[in-house]
Amino acid sequence: MAQVYPFRAYRYDAAKTPYSRVLTQPYDKISPAMQERYYAADPHNLIAVEKGKSYESDSPQNNVYTRAAQSVHDWIANQVIVADPAPAFYAYSQEYTVPGTAERRTRRGFIGAGKLEEYSACVIFRHEHTLSGPKADRLELLRQTKLHTGQLFMLYSDAQKRVDKILTDAQGQGAPATELRDEYDVLHRLWVISEPERVTAIQSAMKEQKLVIADGHHRYETALTYRNERRAQAGKLDPEASYERVMMTFVNTHSEGLLILPGHRVAANLHDFRWPDVRRYLEPWFAAETFPFENGQEQTAARAKFLARLVEARDQRAIGAYPASENGKHAYYLLTLRPGADLARLLPNVSPLQRELDVVLLHEGILEPALGITPQAVTAESNLTYERDAAAALHAVESGTAQIAFLLNACGVDQVMKIATAGEVMPQKSTDFYPKLLSGITMYRVE
């Protein structure tokens, strides 16, 4: 049973600094160039906390984490960030353009404090494994700052859309408390919902829900570790303690605007790679449609047909391949699973649910047996990199930095929910929920 609570969010005082100058993308999406841009935008930019700079002169007394804690202390003392007067839920909408198109969509959800649960309780589910490095970083930051600045993106399924109706009503009754457009042309809006009857109705509607982590696995597990540390320090269990909860954004899978982008794979550093050998290995399992070209004009036409066919053939378990040219021959290839192919034989080490995923078909049916890219190599990122944009993946081959690119269709939200609630996980970088939730739009203090 999911337990969600209103909380007194810390938010920037817009009278002192515009939201557009201080809020950031999530820490794991911030490049060095973005970090510099954020630092230059405003002295109170969240980057000082979300992903501060490290220096060679850092010491245990003065480092990226202690400086973040000092920033939080100063901002609260100077009322740069201020706690709301009463506990509330926060309706949060994001209007965005679907990448590669002109289509505008709006994703809606709400922010609240969710009770932390062990995965074994079967209330909160993950869909991917985590790595130790990011968790160690986030844990030390949380220990020092005692502030959650980033959102955990949680999915739930309610066909009746009970919470969605409450959010729509609240949004229709007044201007947003926060509104800004980020660097990706995403329009973020936030409304405060503190009316007791609405708060109670949201809590009631969420009680029967199972929650799946869409984005933020590392931060969720960090919050669990921090909770356990604080429990040990307290020597008792206090269900009302702030560290028993973590800030979450909840989105209904039945609401509009939920988008997953594909995560394309780019392979390099492959020993003795030859595409004809790979094709011979795959021949019993995959039919191959070829899109050859000899010059730039032909390539443009071939690429357009190739990308269109990748989408059209989705139900045939289509995977696109673009190997580096060999003997002057250039072509895109569309691999589709042959009718009647025995997936239990091709993918013997994965569950029936996993066999329905194109990304698993690629990893288990092509990358490992045909290219020698083992799960250990995937974890070490010694052969694979990931691209959201198909053009960037294909360009990696054309520039000579990669030997082959594989393009995928995005998995469905229903597939993510099925895998997670069955207690299974997907390969790393299987999902890319777009757009990202903005850090700092609300912040949750843990004492």
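Just so it is clear, the model here is predicted, and its values are computed rather than measured.

Rules behind the numbers
- Residues numbered from 1 in each chain as written.
- Predicted model: local features only at pLDDT ≥ 70, side-chain atom pairs only at ≥ 80, totals over all residues.
- Heavy atoms only, no water.
- Helix = DSSP H or I, 4+ residues; strand = E, 2+ residues; numbered from the N terminus.
- Rg over C-alpha atoms; globule rule 2.2 N^0.38 Å.
- Buried < 20%, exposed > 50% of the residue type's maximum accessible area, 1.4 Å probe, protein only.
- Contact = heavy atoms within 4.5 Å.
- Lys, Arg positive; Asp, Glu negative; His and termini not counted.
- Charge placed at Lys NZ, Arg CZ, Asp CG, Glu CD.
- Axes fitted to C-alpha atoms, helices over the stretch in contact; angles between N-to-C directions.
- Parallel < 35°, antiparallel > 145°, perpendicular 65-115°, else oblique.
- Left-handed = near helix turned anticlockwise from the far one by under 90°.
- Nonpolar A, V, L, I, M, F, W, Y, C, P; charged D, E, K, R; others polar.
- Polar contact = N/O pair within 3.5 Å; in protein donor to acceptor, adjacent residues only side chain to side chain.
- Pairing = 2+ DSSP bridges.
- Salt bridge = Lys/Arg side-chain N within 4 Å of Asp/Glu carboxyl O.
- Expected span 1.5 Å × (residues − 1).

Looking only at helices and strands, the protein features 15 helices and 21 strands. Its C-alpha atoms give the protein a radius of gyration of 24 Å, near enough to 22 Å, the size a compact globule of 447 residues would have. The principal-axis extent of the C-alpha atoms belonging to the protein is close to 70 × 50 × 45 Å. Taking all 447 residues of the protein together, 53% fall into the buried category. At a minimum sequence separation of 6, the contacts of the protein that also span at least 24 residues come to 77%. Averaging the coordinates of the 51 positive side-chain charges in the protein and doing the same for the 55 negative ones gives two points 2 Å apart.

It is worth spelling out the packing of helix H6 (residues 162-171) against helix H7 (residues 196-206) at this point. Relative to each other, H6 and H7 sit at 155 degrees, their axes nearing to 9 Å. Between H6 and H7, the interaxial angle falls into the category roughly antiparallel. When you trace H6 past H7, the crossing you get is left-handed. Mapping the contact onto sequence places Arg162, Val163, Ile166, Asp169 and Ala170 in H6 and Arg198, Ala201, Ile202, Ala205 and Met206 in H7. Looking at side-chain class alone, the contact of H6 with H7 contains seven nonpolar, no polar and three charged residues.

Turning next to the side chain of Asn45. Here Asn45 shows up in the loop between helix H2 (32-41) and helix H3 (47-50). A polar contact is formed between the side chain of Asn45 and the backbone nitrogen of Ile47, at a distance of 2.9 Å. If we ignore the near neighbours within four places in the chain, the residues touching Asn45 are Tyr12, Arg21, Val22, Leu23, Thr24, Tyr38 and Trp75.

With that settled, consider the sheet that holds strand E17 (residues 330-337). The strand order across the open sheet built from six strands is E15-E17-E16-E19-E14-E18, with neighbouring strands paired in antiparallel fashion. Every other strand in the sheet has two partners, leaving strand E15 (286-293) and strand E18 (384-387) as the edge strands with one partner each. Neighbour-to-neighbour, the strand axes of this sheet turn through a mean angle of 20 degrees, independent of strand direction. Both E15 and E17 contribute to a ladder of eight bridges, which runs antiparallel. Looking at the pairing, Glu289 lines up with Leu334 of E17. Together, strand E14 (264-267), E15, strand E16 (319-323), E17, E18 and strand E19 (404-407) form the strand contacts of helix H12 (residues 358-371), whose direction differs from that of E19 by roughly 155 degrees. In the packing of helix H14 (residues 390-398) onto the sheet, contacts are made with E14, E16, E17, E18 and E19, and the angle to E19 comes to roughly 165 degrees.

Opposite charge on two side chains permits pairing when their charged atoms draw close. Per the stated rule, a full pass over the model turns up 34 salt bridges. Where Arg162 meets Asp158, a salt bridge forms, and the shortest distance between an N and an O atom there is 3.1 Å. Overall, the relative accessible area of 4% leaves Asp158 in the buried class. Taken together, the shared-partner salt bridges connect Glu95, Arg104, Glu179, Arg181, Asp185 and Arg189 into one network.

Attention now goes to the packing of helix H9 (residues 275-282) against H12. Two measures define how a pair of helices packs: the angle their axes make with one another and the distance between the axes. As a packed pair, H9 and H12 sit with axes 10 Å apart at the nearest point and diverge in direction by 125 degrees. Regarding the angle of H9 to H12, the classification is oblique. Seen along the crossing, H9 lies across H12 with a hand that is right-handed. Residues Val278, Tyr281 and Leu282 of H9 form the contact with H12, whose own contacting residues are Gly365, Ile366, Pro369, Ala370 and Leu371. Broken down by class, the residue content of the contact of H9 with H12 amounts to seven nonpolar, one polar and no charged.

This part covers helix H8 (residues 217-234). The end-to-end C-alpha distance of H8, which contains 18 residues, comes to 26 Å, matching closely the 26 Å that a straight helix rising 1.5 Å per residue would cover. Phi turns positive one or two residues past the end of H8, at Gly235, with a value near 75 degrees.

This part is about the side chain of Glu221. Inspection of the secondary structure assignment puts Glu221 in helix H8. You can call Glu221 buried: its relative accessible area is 10%. The residues contacting Glu221, other than those within four sequence positions of it, are Tyr119, Arg126, Thr130 and Lys135.

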